[in-house]
Amino acid sequence: MLWELLLLALGLAALFLGARWLVDGAVEVSSLLGISPLVIGLTVVAFGTSAPELAVGVMAGLRGSPEIALGNVLGSNIFNVLFVLGVCALISPLKVEQQLVRLDVPIMVGTSLLSLILALDGRLNRFDGILMLLCFALYLLFTVRESKREEPLEEYDREFGVSAKGAIRLIRCVLKVLAGLGLLYLGSDWLVEGASSLARRLGVSEAIVGLTVVACGTSLPEVATSVLASLKGERNIAVGNVVGSNIFNLLVVLSGSALASGTMVVEGDLLRFDFPVMLAVAFSCMPVFFTGLSISRWEGFLFLGYYGLYLAYLYSRSSSPSLERALEQASISFILPLTVITLSILVVKELRERR
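Rules of the game
Residues numbered from 1 in each chain as written. Predicted model: local features only at pLDDT ≥ 70, side-chain atom pairs only at ≥ 80, totals over all residues. Heavy atoms only, no water. Helix = DSSP H or I, 4+ residues; strand = E, 2+ residues; numbered from the N terminus. Contact = heavy atoms within 4.5 Å. Areas by Shrake-Rupley, 256 points an atom, 1.4 Å probe, with all protein chains shown as cover. Expected span 1.5 Å × (residues − 1). Buried < 20%, exposed > 50% of the residue type's maximum accessible area, 1.4 Å probe, protein only. Axes fitted to C-alpha atoms, helices over the stretch in contact; angles between N-to-C directions. Parallel < 35°, antiparallel > 145°, perpendicular 65-115°, else oblique. Left-handed = near helix turned anticlockwise from the far one by under 90°. Nonpolar A, V, L, I, M, F, W, Y, C, P; charged D, E, K, R; others polar. Core = buried A, V, L, I, M, F, W, Y, C linked by side-chain atoms within 4.5 Å. 1 Å grid on protein atoms, 1.4 Å probe; cavity = no way out; pocket = protein on both sides within 12 Å on 5 of 7 lines; lining within 4 Å. Points joined across faces, edges and corners; volume = space filled by probe spheres on them. Polar contact = N/O pair within 3.5 Å; in protein donor to acceptor, adjacent residues only side chain to side chain. Patch = residues over 30% accessible without salt bridge, like charges linked within 9 Å, V, L, I, M, F, W, Y side chains within 5 Å. Salt bridge = Lys/Arg side-chain N within 4 Å of Asp/Glu carboxyl O. pLDDT = per-residue confidence, 0-100. Phe/Tyr/Trp six-rings, centres within 6.5 Å; stacked < 30°, edge-to-face > 60°.

J.: Got a minute to help me understand the overall build of the protein in this structure?
T.: A count of helices and strands for the protein gives 13 helices and 4 strands. Counted over contacts in the protein with a minimum sequence separation of 6, partners at least 24 positions apart contribute 86%. By element, 67% of the accessible surface of the protein is carried by carbon and sulfur atoms, the whole surface being about 15900 Å².

In structure tokens, the structure reads:
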């Protein structure tokens, strides 16, 4: 047990440091090449914060551990919305740009639905991976084109802009990027090995470990970026980072895992419960973000409560079938209808106020 935990800790540390070096080096190189801070924030930084998920997903696919790869993506997307945004909203109510409600959140919902549809046959193959990568290429081209029409956002400029005086030499930036990639490789290898061994030792499925330990661990860059942005009062970055990372996780990380493994078998529990939960969480962002174009503290508290309930269900799934059935019944009979009614009332109220 100690060895598995040590591998997990070393893997997470290497992933976190590698992602940091990768982002720093890539941002500096991009700035030296004259790329706008907004484009850097939407592309390079979004990639950097999701680099641990990508590294772990590809490594899990190559090692023949599709449950870890799938659990990593699904768990990370659920964690990002419910936990990361929940914590950030408790720190300070979050501001939501209209572009997110109008464009990016619907894309996040659409990509979540696409991944579920592709997985309905019980597997994700290389064709599915190529299709998702093509969708990401279209999304990236559209995002960059739209960003060129707008003035660079001041928040992105402060957060990601690099002045010419502060820019280090190009060769040093490239070395930092390469070192970051190397640490990502080592960290993902250690993390996947530790997670697989831990699952075997505890007698639980690799999917459970992927949905919890691996997903939370690889989402540390999103936690750090969003929480720091909230503390600095840069509330747009906190929300945009989560939405962008979730889209990246589905279209790039999941597709990379499918391409690496050839064919990923989707186990029944993931298809029956975790995929729909991820879709529901993504969809819930639309009414929450729409009402007041913000995420209030009580909504953040609600997100955290739902994440706690999700963790309780995962625990019951691996240890107590009776508790699992009770939680399912409570969710279907009470929690889900109450949530739908509450969000519907808030949306109707918002629409009336905008008239």
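J.: Before we go on, may I ask you to explain helix 12 (residues 297-319) in this structure?
T.: Since the α-helix advances by 3.6 residues per turn, residues separated by three or four positions end up pointing in the same direction. The terminal C-alpha atoms of helix 12 lie 33 Å apart, and with 23 residues this matches the ideal 33 Å at 1.5 Å per residue to within 8%. The complete set of buried residues in helix 12 reads E299, G300, F303, Y307, Y310, Y313, L314, S316 and R317.

J.: What is the right way to look at the packing of helix 3 (residues 66-91) against helix 8 (residues 206-218) in this model?
T.: When two helices pack together, their arrangement is given by the angle between their axes and by how far apart the axes lie. Closest axis-to-axis distance for the helix 3/helix 8 pair is 7 Å, and the angle between their directions is 50°. What the angle tells us is that helix 3 and helix 8 run oblique. As for the relative orientation of helix 3 and helix 8, their crossing is right-handed in sense. Every residue of helix 8 that contacts helix 3 at E67, I68, G71, N72, L74, G75, S76 and F79 is listed here: E206, A207, G210, L211, V214, A215, C216 and T218. Taken together, the residues of the contact of helix 3 with helix 8 break down into 8 nonpolar, 6 polar and 2 charged.

J.: Whenever I open this one, the nonpolar core confuses me. Can you help?
T.: In globular proteins that are soluble, nonpolar side chains generally tend to be buried together. Among the nonpolar cores identified, the biggest contains 85 residues, and L85, L124, V239, F275, F289 and I295 are the most heavily contacted of them. Sequence-distant contacts of V239, that is, excluding residues within four places in its chain, are made with L85, L94, K95, V96, L100, F289 and I295.

J.: Looking at this structure, how should I read empty space enclosed by the protein?
T.: Taking a probe equal in size to a water molecule and rolling it over the atoms shows the remaining empty space. For the structure shown, the criterion picks out 1 cavity of 30 Å³ or more. Of the volumes computed, that of the largest cavity is approximately 40 Å³. In terms of lining residues, the largest cavity is bounded by N77, I78, V81, M108, S112, N246, M278, V281 and A282. Mapped onto the lining of the largest cavity, the elements with two or more residues apiece are helix 3, helix 4 (98-119) and helix 11 (268-290). Among the residues forming the lining of the largest cavity, the class breakdown is 6 nonpolar, 3 polar and no charged.

J.: I'm lost on the environment of Y313 in this one. Help?
T.: You can see Y313 is positioned in helix 12. What makes Y313 buried here is its relative accessible area of 3%. Aside from chain neighbours lying at most four places away, what touches Y313 is R272, F273, E324, L327 and E328.

J.: Explanation requested: the side chain of S255 in the structure shown.
T.: Looking at the element boundaries, S255 is found in helix 10 (residues 235-261). Relative accessible area serves as the criterion here: at 0%, S255 is assigned to the buried category. Of the polar contacts made by the side chain of S255, one reaches the backbone oxygen of L251; its length is 2.7 Å. Only 2.9 Å separates the side chain of S255 from the backbone oxygen of V252, close enough to count as a polar contact. Apart from the residues lying within four places of it in its own chain, the contact partners of S255 are G129, M132, L133 and L250.

J.: Please explain the packing of helix 3 against helix 12 as it appears in this structure.
T.: Two elements in contact, helix 3 and helix 12, have axes whose closest approach is 7 Å; the angle formed by their N-to-C orientations is 145°. Our pair here, helix 3 against helix 12, has a crossing hand that is left-handed. Residues I78, F79, V81, L82, F83, L85, G86, V87, A89, L90 and I91 of helix 3 form the contact with helix 12, whose own contacting residues are R297, G300, F301, F303, L304, Y306, Y307 and Y310. The class makeup of the residues in the contact of helix 3 with helix 12 is 16 nonpolar, 2 polar and 1 charged.

J.: Help me understand helix 9 (residues 220-231), please; the structure alone is not making it clear to me.
T.: Here helix 9 is 12 residues long and its end C-alpha atoms lie 16 Å apart, about the 16 Å a rise of 1.5 Å per residue gives. After helix 9 finishes, the residue G233 shows a positive phi value of roughly 85°.

J.: Even after reading the chapter, I still don't get a nonpolar patch on the surface, so can you show me in this structure?
T.: A grouping of W3, L6, L10, Y185, L186 and W190 is seen on the molecular surface, where their side chains present a nonpolar patch of about 610 Å² in accessible area. Counting residues per element, the ones that place at least two in the nonpolar patch are helix 1 (2-32) and helix 7 (170-202). Residue placement: W3 occurs in helix 1.

J.: Please clarify how the confidence of the model for the protein should be interpreted in this entry.
T.: A low pLDDT means the predicted coordinates there should not be read in detail. In the predicted model, the protein carries a mean pLDDT of 78, and the fraction of residues at 70 or more is 80%. Of all the helices and strands in the protein, helix 6 (residues 154-160) carries the lowest mean pLDDT, 50, while strand 2 (residues 123-125) carries the highest, 91. Ignoring residues within four places in sequence, the model shows residues 162-168, a span with pLDDT below 50, making 8 contacts including any to other chains.

J.: What am I meant to see in the environment of S245 here?
T.: Looking at the secondary structure, you find S245 in helix 10. Sequence separation of S245 and S76 is 169 residues, and the distance between their C-alpha atoms is 9.3 Å.

J.: What should I look at first to understand the packing of aromatic side chains in this one?
T.: Two measures describe an aromatic ring pair: the distance that separates the ring centres and the angle between the ring planes. Applying the stated criterion across every chain yields a total of 8 aromatic pairs. Centre to centre, the rings of F136 and Y139 are 6.4 Å apart; their planes meet at 45°, and the pair counts as tilted. Of this pair, F136 and Y139 both sit in helix 5 (residues 126-148), 3 residues apart, which is roughly one turn of the helix. Residue classification places Y139 among the buried residues on the basis of a relative accessible area of 14%. Ring centres of Y307 and Y310 lie 6.3 Å apart, and the angle between their planes is 40°; this geometry places the pair in the tilted category.

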